[in-house]
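# A closer look at the structure
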Amino acid sequence: MNIMSESKTEDFKLKFGPENPNAIEVRDLVKIYTGRKVIEEVRAVDGISFSVNKGELFGLLGPNGAGKTTTINILVGLLDQTEGEAFVGGYDVKKNLPKIKELIGVCPQQASVYQYLNAKENIELFGNLHLVKKEVINERMEKFLNLLGLSKAANRAAKKYSGGMLRQLNLIVALISDPAILFLDEPTVGMDARVRRATWDFINSLKNTNKTVILTTHYIEEAEVLCDRVAIIDFGKLVALGPPKELIAKHGAKDLEEVFLKITGRRIMEGL
Amino acid sequence: MKRQRIFAFVKIQLKSLIKVPTALFIILILPVALILIFGFAFGSIYVEDYGWTGQDGYLFEFMVPGFIAISGLFIAIPVALSFSEDREQGLLKRINTTPTTAAEFMVSHIISNIFMAIIQVAIIFVLTFLMGAMRYITLTGILLSFVIMIIFTLSTIGFGLITATVSKSAKAAGGLVWIFLLPQQLLASNLYPLPPETQIVTMFMPLYYASDALSLLFFGVDLGNLRIWWDLLILVAFSLVLIIAGILLFKKYGRA
Ligand SMILES: Nc1ncnc2c1ncn2[C@@H]1O[C@H](COP(=O)(O)OP(=O)(O)OP(=O)(O)O)[C@@H](O)[C@H]1O
Ligand SMILES: [Mg+2]
């Protein structure tokens with residue numbers, strides 16, 4: 001299923017910057033949140049390196065507080081790293097953020113839409129912010145709303161949406177600019193099993209559009225079903241990296257949960 | 001600056017004023033209610049040699065300029081609320097990951113709030129006219145009143161932004177904004193005569209210059225009267241300082 005009528009793959013390549021050949025690359029990335037006192041310091045990201053190929057669906061898997069959102073926020077320019085380098089779309093996040101912003105779509109962990117606006121108005125706004133043409137916005141909007149089954153609710157204010165619907169809208173808003181690189185921070189949190197599966201199908205179908213997708217999750221199944229490769233992070237450190245199947249085989253485990261257990265001695269979903 | 005982005009923001013900001021009941025109430029319904037209540041209460045009380053203009057007129061007539069100025073100040077409430085709510089919802093961060101510039105975002109807010117201020121003043125003028133309390137102001141005076149209120153709106157937005165910056169939540173902003181509103185409304189609105197000593201305080205309040213200039217215009221003072229232009233000049237200075245301070249403070253400390 002190809003959900004983008006005009007695949008812009010070639011354009012993407014033209015727009016990518018010259019500073020790095022990968023869709024995304026981070027080298028020895030460190031983020032320390034500083035508080036007023038030294039004891040308040042948090043090493044949220046502690047020397048992570050990985051690269052994401054163009055067209056890949058890459059997962060960051062880890063328990064709560066592992067540093068997934070922090071990593072994403074550095075990549076999309078919301079946070080400055082303390083140390084290390086980060087490149088998105090061939091551009092250095094420290095030097096060429098405006099260029100990066102034209103290439104990316106971001107689906108934040110917190111569903112961030114205007115509550116008093118309906119789905120269409122929210123989607124349209126973000127299409128306009130990316131300077132997408134009106135006809136193109138409408139065409140894509142219809143398609144996405146249909147695919148995720150939101151069409152009927154599209155004229156209802158977002159504040160009247162269920163948690164799952166809000167997450168779906170959050171996802172569509174990130175896609176309206178048909179970004180070359182898509183950041184999905186826990187895109188399916190709060191969805192029930194059925195809606196989650198539909199959303200997985202939807203995200204999977206993005207692979208055919210040659211998008212690069214980086215997705216964070218703490219759902220083992222989500223990482224296994226969707227990701228070409230996963231980076232498992234724990235306490236800000238990268239503890240494993242590779243295609244889910246290979247990681248499972250390498251550690252003689254039955255799933256990624258067991259891989260995590262064998263490496264760290266803990267469970268990802270501990271206590272949940 | 002891209003027009004498509006600014007239009008898109010202005011559109012949703014104006015929608016918010018209609019769809020969010022508090023905003024609609026504060027910006028339009030409250031001023032109309034004030035005019036109606038005070039119009040009927042004080043519309044027939046005739047006073048002689050009143051206030052510092054030393055003119056005769058209905059008490060209500062002396063109050064209208066103050067109500068216009070106060071209503072403009074009310075706009076600070078939805079401004080403070082909308083910025084802190086957008087921040088709470090993660091919308092400011094989300095917008096920040098799009099190619100939108102801070103200038104486009106701020107300019108759109110300035111445009112939509114000035115638009116609201118114009119509607120507000122127009123409604124008050126129409127009501128006041130219908131109530132027969134617009135006997136002296138000239139057409140030029142009316143036009144100049146709009147200019148004054150447009151400039152005053154900039155300082156109002158500044159107050160709103162500073163409030164949003166120092167407030168941790170939208171709830172806090174809704175309360176804190178009164179630090180700016182209440183003293184100005186009580187002391188600088190020209191609604192009633194106050195001892196000249198209060199000037200030590202009111203000279204630092206932009207509302208004073210707006211309501212003073214409006215009062216002069218309302219009583220048909222000649223446009224050659226320098227006091228109007230002094231008021232306007234000081235108001236411009238205050239407004240520029242406040243809006244720039246508001247934008248810079250919010251950009252530096254208020255976004256996250
Ligand atoms: N603004 C902040 N100030 C201080 N510490 C922070 C801040 N944001 C996050 N942290 C800390 O940094 C660490 C990593 O947080 P982060 O949000 O990146 O984790 P995460 O992997 O996204 O977790 P989750 O699955 O809960 O979303 C946590 O210990 C968190 O408490
Ligand atoms: Mg997170």
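A brief structural summary. (Residues numbered from 1 in each chain as written. Chains lettered and ligands numbered in written order. Predicted model: local features only at pLDDT ≥ 70, side-chain atom pairs only at ≥ 80, totals over all residues. Heavy atoms only, no water.)

Now for unusual backbone geometry. All names here are of chain A. The backbone of D178 sits at a positive phi, close to 50 degrees, despite the residue not being glycine. Note that D178 resides in the loop between helix 6 (163–175) and strand 7 (181–185). Here the phi dihedral of F235 falls at roughly 50 degrees; this positive angle occurs in a residue that is not glycine. Take F235: it is sitting in the loop between strand 9 (229–234) and strand 10 (237–242). Residue classification places F235 among the exposed positions, given a relative accessible area of 61%. (Helix = DSSP H or I, 4+ residues; strand = E, 2+ residues; numbered from the N terminus. Buried < 20%, exposed > 50% of the residue type's maximum accessible area, 1.4 Å probe, protein only.)

Further remarks concern helix 4 (residues 76–88) of chain B. Three- or four-residue spacings in an α-helix give side chains the same orientation, since the helix completes a turn every 3.6 residues. All names here are of chain B. Between the first and last C-alpha of helix 4 there are 18 Å, a value that for 13 residues agrees with the 18 Å anticipated at 1.5 Å per step. Most of helix 4 sits inside the fold, with ten of its 13 residues counted as buried. Within helix 4, burial applies to A76, I77, P78, V79, A80, L81, F83, S84, D86 and R87. Once helix 4 finishes, G90 follows within two positions and takes phi at roughly 75 degrees, a positive value. (Expected span 1.5 Å × (residues − 1).)

Attention shifts here to the sheet that holds strand 4 (residues 83–88) of chain A. All names here are of chain A. Read across the sheet, four strands follow the order 2-1-4-5 without closing on themselves; strand pairing throughout is antiparallel. Looking along the sheet, the strands with just one partner apiece sit at the ends: strand 2 (42–52) and strand 5 (91–92). Across the face of the sheet, helix 2 (residues 68–75) comes into contact with strand 1 (24–33), strand 2 and strand 4 while running at roughly 115 degrees to strand 1. (Pairing = 2+ DSSP bridges. Contact = heavy atoms within 4.5 Å. Axes fitted to C-alpha atoms, helices over the stretch in contact; angles between N-to-C directions.)

Let us look at the coordination of the magnesium ion (ligand 2). Put simply, a metal with four donors set out as a tetrahedron has ideal angles of 109.5 degrees, and one with six donors set out as an octahedron has ideal angles of 90 or 180 degrees. All names here are of chain A. Ligation of the magnesium ion (ligand 2) by protein atoms is provided by T69 (OG1) and Q109 (OE1), these donors lying 1.8 to 2.1 Å from the ion. Of this pair, T69 sits in helix 2 while Q109 sits in the loop between strand 6 (104–107) and helix 4 (119–129), and the two are 40 residues apart along the sequence. The partly exposed category is assigned to Q109, whose relative accessible area is 36%. (Donors = N, O, S within 2.8 Å, 3.2 Å for Na, K, Ca; no water.)

Another aspect to go through is the nonpolar core. All names here are of chain A. In this structure, Y114, L169 and L256 are the most contacted members of the largest nonpolar core, which totals 79 residues. At eight residues, helix 6 tops the list of elements feeding residues into this core. Setting aside chain neighbours within four positions, we find L169 in contact with V113, A119, N122, I123, L150, A158 and Y161. (Core = buried A, V, L, I, M, F, W, Y, C linked by side-chain atoms within 4.5 Å.)

Right, let's get into the packing of aromatic side chains. Under the defined criterion, the tally for this structure stands at 16 aromatic pairs over all chains. For the ring pair F50 of chain A and F58 of chain A, a centre distance of 5.0 Å and an interplane angle of 20 degrees mean the geometry is stacked. Geometrically, the ring pair formed by Y208 of chain B and Y209 of chain B is edge-to-face, given 5.1 Å between the ring centres and 85 degrees between the ring planes. Residue Y208 of chain B is classed as buried on the basis of its relative accessible area, which comes to 14%. (Phe/Tyr/Trp six-rings, centres within 6.5 Å; stacked < 30°, edge-to-face > 60°.)

Inspection of the secondary structure assignment puts R5 of chain B in helix 1 (residues 3–19). Assessed through its relative accessible area of 6%, R5 of chain B is described here as buried. Here the side chain of R5 of chain B touches E104 of chain B through a polar contact of 3.1 Å, side chain to side chain. In this view, R5 of chain B contacts N128, L129 and L131 of chain A together with P99, T100 and E104 of chain B; residues no more than four positions away in its chain are not counted. (Polar contact = N/O pair within 3.5 Å; in protein donor to acceptor, adjacent residues only side chain to side chain.)

Opposite charge on two side chains allows them to pair when their charged atoms are near. All names here are of chain B. Enumeration according to the criterion identifies 20 salt bridges over all chains in this entry. The closest approach of N and O atoms between E61 and R135, which form a salt bridge, is 2.7 Å. Within this pair, whereas E61 is found in helix 3 (residues 59–74), its partner R135 is found in the loop between helix 6 (102–130) and helix 7 (139–166), the two being separated by 74 residues in sequence. Taking the relative accessible area as the measure of exposure, R135 reaches 40% and is therefore partly exposed. (Salt bridge = Lys/Arg side-chain N within 4 Å of Asp/Glu carboxyl O.)

All names here are of chain A. Where burial is concerned, most of helix 2 is hidden: seven out of the eight residues are buried. Buried residues of helix 2: K68, T70, T71, I72, N73, I74 and L75, and no others. Note on helix 2: the residue one or two positions beyond its end, G77, has a positive phi of about 85 degrees.

Take the site of ligand 1 next. Residues and elements named next belong to chain A. Surveying the vicinity of ligand 1 reveals 14 residues, the closest of which are G65, K68, T69, T70 and Q109. A66 is positioned such that a nitrogen or oxygen atom in its backbone is 3.1 Å from an oxygen atom of ligand 1. For ligand 1, whose unbound accessible area comes to 640 Å², protein coverage reaches 62%. Counting residues per element, the ones that place at least two in the shell around ligand 1 are strand 2 and helix 2. Its residues placed into classes, the shell around ligand 1 shows five nonpolar, seven polar and two charged. (Near = heavy atom within 4 Å. Areas by Shrake-Rupley, 256 points an atom, 1.4 Å probe, with all protein chains shown as cover. Nonpolar A, V, L, I, M, F, W, Y, C, P; charged D, E, K, R; others polar.)

Shape descriptors only; they carry no functional weight alone.
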